[in-house]
Amino acid sequence: LDKNVLILPDVFLNAGGVTVSYFEWLKNLSHVRFGRLNKRYEISGKIRLLDAVEDATKSKIAEKIRNELSEGANELKIVQSGLEETMVIAYNELSQTSAIKGCDLRTAAFYNAINKIAKAYEQLGIFP
């Protein structure tokens, strides 16, 4: 902190691996790979959009570009996207808690974790 360097908490950084493991667990529970249910729907929507752009502009999109733009997300892209979204939300929560409570990010991480556990206990009727 004296050198004006952001120090990310170990708890936050380890959450990335845990998140991907959770995604893998979800996939194994459903016995369906990510993207299988909506990939063709996503591709057809992109193709319809590209067709509309071609109609509106009265010009053809190059086949190579058209193929790249209409490609559906594969499993790796879906997992990376989910991981990025999860980590961005978690960092924003950490940053906000740190600013409000006037503490470092590691303390904010523990504060948020304990709060989430307390809320879950409360919703389950376990506490108080």
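As a reminder, the structure under discussion sits directly above these lines.
The rules behind the values
- Residues numbered from 1 in each chain as written.
- Predicted model: local features only at pLDDT ≥ 70, side-chain atom pairs only at ≥ 80, totals over all residues.
- Heavy atoms only, no water.
- Helix = DSSP H or I, 4+ residues; strand = E, 2+ residues; numbered from the N terminus.
- Contact = heavy atoms within 4.5 Å.
- Areas by Shrake-Rupley, 256 points an atom, 1.4 Å probe, with all protein chains shown as cover.
- Lys, Arg positive; Asp, Glu negative; His and termini not counted.
- Charge placed at Lys NZ, Arg CZ, Asp CG, Glu CD.
- Core = buried A, V, L, I, M, F, W, Y, C linked by side-chain atoms within 4.5 Å.
- Buried < 20%, exposed > 50% of the residue type's maximum accessible area, 1.4 Å probe, protein only.
- Salt bridge = Lys/Arg side-chain N within 4 Å of Asp/Glu carboxyl O.
- Patch = residues over 30% accessible without salt bridge, like charges linked within 9 Å, V, L, I, M, F, W, Y side chains within 5 Å.
- Phe/Tyr/Trp six-rings, centres within 6.5 Å; stacked < 30°, edge-to-face > 60°.
- Axes fitted to C-alpha atoms, helices over the stretch in contact; angles between N-to-C directions.
- Parallel < 35°, antiparallel > 145°, perpendicular 65-115°, else oblique.
- Nonpolar A, V, L, I, M, F, W, Y, C, P; charged D, E, K, R; others polar.

A.B. asks: For this particular structure, what's the right way to read the overall build of the protein chain?
C.D. replies: Looking only at helices and strands, one finds five helices and zero strands in the protein chain. Secondary structure elements in the protein chain, listed N-terminal to C-terminal, are α-α-α-α-α. The dimensions of the protein chain, computed from C-alpha atoms along their principal axes, are 60 × 40 × 25 Å. The contacts of the protein chain with a sequence gap of at least 6 include a subset with a gap of at least 24, amounting to 55%. Working note: accessible area of the protein chain is about 10100 Å², and carbon and sulfur atoms make up 59% of it. Averaged over its 17 positive side-chain charges, the protein chain has a centre that lies 4 Å from the centre of its 16 negative ones.

A.B. asks: Is there a simple way to explain the nonpolar core in this structure?
C.D. replies: A general feature of soluble globular proteins is that nonpolar side chains tend to end up buried together. Counting residues in hydrophobic clusters, the biggest one holds six residues: Phe12, Met87, Leu94, Leu105, Ala108 and Ala109. Taken together, the elements giving at least two residues each to this core come down to helix H4 (75–101) and helix H5 (105–124). It is H5 that contributes the most residues to this core, three residues altogether. Those residues in contact with Met87, other than ones at most four positions away along the chain, are Phe12, Ala15 and Gly16.

A.B. asks: For this particular structure, what's the right way to read the pattern of salt bridges?
C.D. replies: Pairing of side chains with opposite charge becomes possible as their charged atoms draw close. This structure, assessed with the given rule, holds nine salt bridges. The residue Arg66 makes a salt bridge to Asp51 at a minimum N-O spacing of 2.3 Å. In this pair, Arg66 is assigned in helix H3 (residues 63–70) and Asp51 in helix H2 (residues 39–57), connecting sequence segments 15 residues apart. Asp51 sits in the partly exposed class, given a relative accessible area of 30%. Counted as one network, the salt bridges with shared partners bring together Asp51, Glu54, Lys60 and Arg66.

A.B. asks: Is there a simple way to explain a nonpolar patch on the surface in this structure?
C.D. replies: Judged by side-chain polarity, Ile117, Tyr121, Leu124, Ile126 and Phe127 come together as a nonpolar surface patch covering roughly 550 Å² of accessible area. Mapped onto the fold, Phe127 is located in the segment after H5.

A.B. asks: What is the right way to look at the packing of aromatic side chains in this model?
C.D. replies: To describe a pair of aromatic rings, you give the distance between the ring centres and the angle between the ring planes. Throughout the structure, instances matching the rule amount to four aromatic pairs. Taking the centre distance of 6.3 Å and the plane angle of 50 degrees together, the rings of Tyr22 and Phe23 count as tilted. The partly exposed category is assigned to Tyr22, whose relative accessible area is 44%. When its relative accessible area of 15% is taken as the criterion, Phe23 is described as buried.

A.B. asks: It is not clear to me how the packing of H2 against H3 should be interpreted in this structure. Could you clarify?
C.D. replies: Between two packed helices, what matters for the description is the angle formed by their axes and the separation of those axes. Two elements in contact, H2 and H3, have axes whose closest approach is 9 Å; the angle formed by their N-to-C orientations is 140 degrees. Taken together, H2 and H3 sit at an angle that is classed as oblique. Residues Ile43, Lys46, Ile47, Leu50, Asp51 and Glu54 of H2 pack against Arg66, Leu69 and Ser70 of H3. Residue composition of the contact of H2 with H3, grouped by class: four nonpolar, one polar and four charged.

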